[in-house]
Structures are given as C-alpha cells and as structure tokens.
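Each chain is listed here by its residues.
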Amino acid sequence: MIMKLPVMWGDKPYHSFDYEMKQRFGEKVYKISLDGGMTCPNRDGTLGTSGCIFCSGRGSGDFASPRCGSVTEQINQGIRGISTRKKTGRKFIAYFQSFTNTYAPVSILEPMFREAILHPDIVMLSIATRPDCLPDDVITLLQSLNRIKPIMVELGLQSIHAASASYIRRGYSLDVYDTAVETLKSAGMEVVTHVIAGLPYENKSDFLDSVSYVGNSGSDGIKLQLLHVLRETDLAVEYERGVFDVLTKEEYLDWIINAISLLPPEMVIHRLTGDGPKDLLIAPLWSSRKREVLNSLHTTLKEKQIWQGKEYSHGK
C-alpha cells in the first residue's frame, strides 16, 4: 500500500510552477513565448560565432514560435493560439525566450519590455538571458519595470563544472553566475536557473552537484532540462560520431527524482522535462512523449516516497 506523502504542493510532491502561479494569481497562467529579435555574444563574434554546442539557429527559442510582428501582436497571437487549445483565463506571462534577451542597449530593451508589461492580459514578464549580459543600466531598467509587474529573469547556467562549461562553449565562469544571482536578487527580481541533465562526459553525481549548488545559490526557481540532440547543431555532429550517449528514460527519471529530493522545499520547479521540436529532434526520441514521461515520474515519486526537500541540506 502506498502511503500519502508527508509533503505535497497541491496534488504533486514538488513545488511546481503551475502550483505557484495558481497560488499567486488564482488561476492557471500560461506563458506566451516572444521573440525580441535578439542575438547572443556567442553568435555575434563577441565570444564566438557558433553559439553553444546544443543551440540551433533558433537559439533557446527552439521551443518558441517564430517572430511575427510587434510585441503586442505576438502576445495577442499567442493568446489566441493557446485559447483555441486550452481553457484559459485572462492572465498570461510574456516570455522573451529566443537567444539572449538583455543583449541590447536599454534604448531598445525598454520600449519592448514596457510594451509587454503594460499589456492588460500580462501579469508577469519572464526574460531569458545570460549571467554575463546584465550590465548596471539593464538592472536599473528591470528594477523599474518590476515596480509595475513582477519580473522573472532566467539564467542559462546548465552546469557548475568548468570542463562542461568549456565543452558546451558557455563563455563565462561560475562566479559570473553567482554575481548575477546576487545582483538580481538585491534589485528585487526573481531568478530562475537552467540546468541540463545528460551533458556529455557528465555523470549523475556531476548533475546532482549542479542541482544542489543552484538550490543554495539564492535562485528562486530551477528548470531541469534533459539534453536534447537537435539537427543543425554541433552537438548533433558529436552524437553522430558516437562521442556520447543520451540518457535512457529510466536513467533520466532516476536522476530527476534524486534532484527533486535535493532541492529546498520553497524553490519553484519550472520544468522537469522537455520535448524538443519534432522537426529537429534527433535524440532521445522517447522525450517526445512528454505526458508519458511525467506520468512515470509522478508514479515513481509516490512509490519511492520521495518529495522535494527530503534530502535537502543547506550549504553549497
């Protein structure tokens, strides 16, 4: 007989983003993925021209819709698209997702972000960026906008290990991430950190070290992302050469369950898996069955009596 877990956030044994948004706004809140027309220092020649090893020409917007007009037009189109598939209220998050969304002068960023945050159906602004692309004037801008509606800044860390950072061509050291988190938190922003499971040459222990570090970094949330091998990336070339293997579904579930147990109970888990774009996904193909993966995860958490924070210990 499976006993009821001692800690629950709604119907799940972890602090999900969906649960957090319902607590704050009283209803399910959907993200509208936006394209601000940004590039990245890993692509414009500042740090490199090829991007991170896993990044296709779409950037982190591999999972976003292509740019289709002004910010307002993109938001309205996104709301219409979601509303045709799901039952929605009138509360959405404007999510600047593609590439590095603070990598532009404030004169460009301010009108774009302000247009999004002033949209009547937008309750929060989420901005995906790099820790090394947050100069003082951008922090000041975000701080001022945060007085209008909440700002959430997503940082692509991926791994705390220097060898992995070099291999994926991240382009900044761990202390840059630490400084960015401290600066953003001091300015009143929420921070979300991305970590990838299954990076080449990393094992389970390496991944869990990164998870534990983020859990104690001051970040408010975390996105746990399975490594996807996508077409048109240098990672795909490495994979096809047999340099590394991707995680099996069973391995991934084992890693993620352990990660959940190590995270502090108050940290919001924004993602536990992901489904790469079907037109680009090479491996692992099992990841495209997202609902099946999440169902297996939830079943295993209950069977093993594991919940978020069960193994958490404070300190990096």
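Throughout what follows, the structure given in this document is the object of discussion.

Looking at the packing of aromatic side chains
And then number 1: Evaluation of the coordinates by the stated rule reveals five aromatic pairs.
And then number 2: Relative to phenylalanine 244, the ring of tyrosine 239 has its centre 5.6 Å away and its plane inclined at 55 degrees; by these criteria the two rings are tilted.
And then number 3: Classification of tyrosine 239 as partly exposed rests on a relative accessible area of 26%.
And then number 4: The ring of tyrosine 172 carries the charged tip of arginine 170 above its face, separated from the ring centre by 4.4 Å.

Regarding the side chain of glutamate 202
And then number 1: Its location among the elements puts glutamate 202 in the loop between strand E5 (190-197) and helix H7 (204-215).
And then number 2: Although glutamate 202 is buried, it forms no salt bridge, and the closest oppositely charged side chain is arginine 170 at an N-O distance of 8.0 Å.
And then number 3: A distance of 2.5 Å separates the side chain of glutamate 202 from the side chain of serine 159, its partner in a polar contact.
And then number 4: Those residues in contact with glutamate 202 that lie beyond four places of it in its chain are Ser159, His161, Ser164, Phe207 and Trp255.

With respect to the sheet that holds strand E4 (residues 151-158)
And then number 1: Taking strand neighbours across the sheet as the criterion, the seven strands line up as E1-E2-E3-E4-E5-E6-E8 in an open arrangement whose pairing is parallel. Because the sheet does not close on itself, it has two edges, and the strands there are strand E1 (30-34) and strand E8 (268-271). Going across the sheet, the axis of each strand differs from the next one's by a mean of 25 degrees, ignoring polarity.
And then number 2: In the sheet, E4 pairs with E5 via six bridges, with the strands oriented parallel. Among the inter-strand pairings, glutamate 154 is bridged to a residue of E5, identified as valine 192.
And then number 3: Strand contacts of helix H2 (residues 71-85): E1, strand E2 (92-96) and strand E3 (122-129), with the helix running at about 135 degrees to E1, the strand carrying the most contacts.
And then number 4: Each of E5, strand E6 (221-226) and E8 is contacted by helix H9 (residues 249-262), which is oriented at about 170 degrees to E6, the strand it contacts most.

As for empty space enclosed by the protein
And then number 1: According to the stated counting rule, one finds two cavities of 30 Å³ or more in the structure shown.
And then number 2: Considering the residues around the second largest cavity, the lining is formed by Phe17, Glu20, Met21, Arg24, Met152, Glu190, Val191, Val192, Asp220, Gly221, Val268 and His270.
And then number 3: Sorting the residues of the lining of the second largest cavity by element identifies helix H1 (17-25), E5 and E8 as the ones contributing at least two each.
And then number 4: Take the lining of the second largest cavity: its biggest share by element is four residues, from H1.
And then number 5: Its residues placed into classes, the lining of the second largest cavity shows six nonpolar, two polar and four charged.

What about helix H10 (residues 290-303)?
And then number 1: For H10, spanning 14 residues, the distance from its first C-alpha to its last is 20 Å, which sits close to the expected 20 Å at 1.5 Å a residue.
And then number 2: Looking at H10, one finds that the buried residues are Val293, Leu294, Leu297, His298, Thr300 and Leu301. Buried residues of H10, seen end-on, are gathered within an arc of 165 degrees and therefore sit on one face of the element. Among the exposed residues of H10, those pointing more than 90 degrees away from its buried face are Arg291 and Glu303.
And then number 3: Contacts from the buried residues of H10 go to H9.
And then number 4: With its phi angle positive at about 55 degrees, glutamine 305 sits one or two positions after the end of H10.

Quick notes on the packing of H2 against helix H3 (residues 106-117)
And then number 1: Between H2 and H3, the least distance of the axes is 9 Å, while the angle of their chain directions is 35 degrees. Here H2 runs over H3; the crossing is right-handed. Where H2 abuts H3, its residues Val71, Thr72 and Ile75 lie against Met112, Glu115 and Ala116.
And then number 2: Across the contact of H2 with H3, the residue classes break down as four nonpolar, one polar and one charged.

What about the environment of serine 70?
And then number 1: With respect to the element layout, serine 70 can be found in the loop between E1 and H2.
And then number 2: Each C-alpha atom of the pair serine 70 and methionine 21 lies 26 Å from the other, and the pair is 49 residues apart in sequence.

Description of the nonpolar core
And then number 1: Core analysis: the biggest nonpolar cluster contains 87 residues, and Phe113, Leu142 and Phe207 have the highest contact counts within it.
And then number 2: The element that contributes the greatest number of residues to this core is H9, accounting for seven residues.
And then number 3: Judged by nonpolar contacts, the second largest core, of ten residues, contains Phe25, Val29, Met152 and Val268.

Each value, and the rule that gives it
Residues numbered from 1 in each chain as written. Predicted model: local features only at pLDDT ≥ 70, side-chain atom pairs only at ≥ 80, totals over all residues. Heavy atoms only, no water. Phe/Tyr/Trp six-rings, centres within 6.5 Å; stacked < 30°, edge-to-face > 60°. Buried < 20%, exposed > 50% of the residue type's maximum accessible area, 1.4 Å probe, protein only. Lys NZ or Arg CZ within 6 Å of the ring centre and 35° of its normal. Helix = DSSP H or I, 4+ residues; strand = E, 2+ residues; numbered from the N terminus. Lys, Arg positive; Asp, Glu negative; His and termini not counted. Salt bridge = Lys/Arg side-chain N within 4 Å of Asp/Glu carboxyl O. Polar contact = N/O pair within 3.5 Å; in protein donor to acceptor, adjacent residues only side chain to side chain. Contact = heavy atoms within 4.5 Å. Pairing = 2+ DSSP bridges. Axes fitted to C-alpha atoms, helices over the stretch in contact; angles between N-to-C directions. 1 Å grid on protein atoms, 1.4 Å probe; cavity = no way out; pocket = protein on both sides within 12 Å on 5 of 7 lines; lining within 4 Å. Points joined across faces, edges and corners; volume = space filled by probe spheres on them. Nonpolar A, V, L, I, M, F, W, Y, C, P; charged D, E, K, R; others polar. Expected span 1.5 Å × (residues − 1). Arc of directions from axis to C-beta. Left-handed = near helix turned anticlockwise from the far one by under 90°. Core = buried A, V, L, I, M, F, W, Y, C linked by side-chain atoms within 4.5 Å.

Honestly, it's all geometry; don't read function into it.
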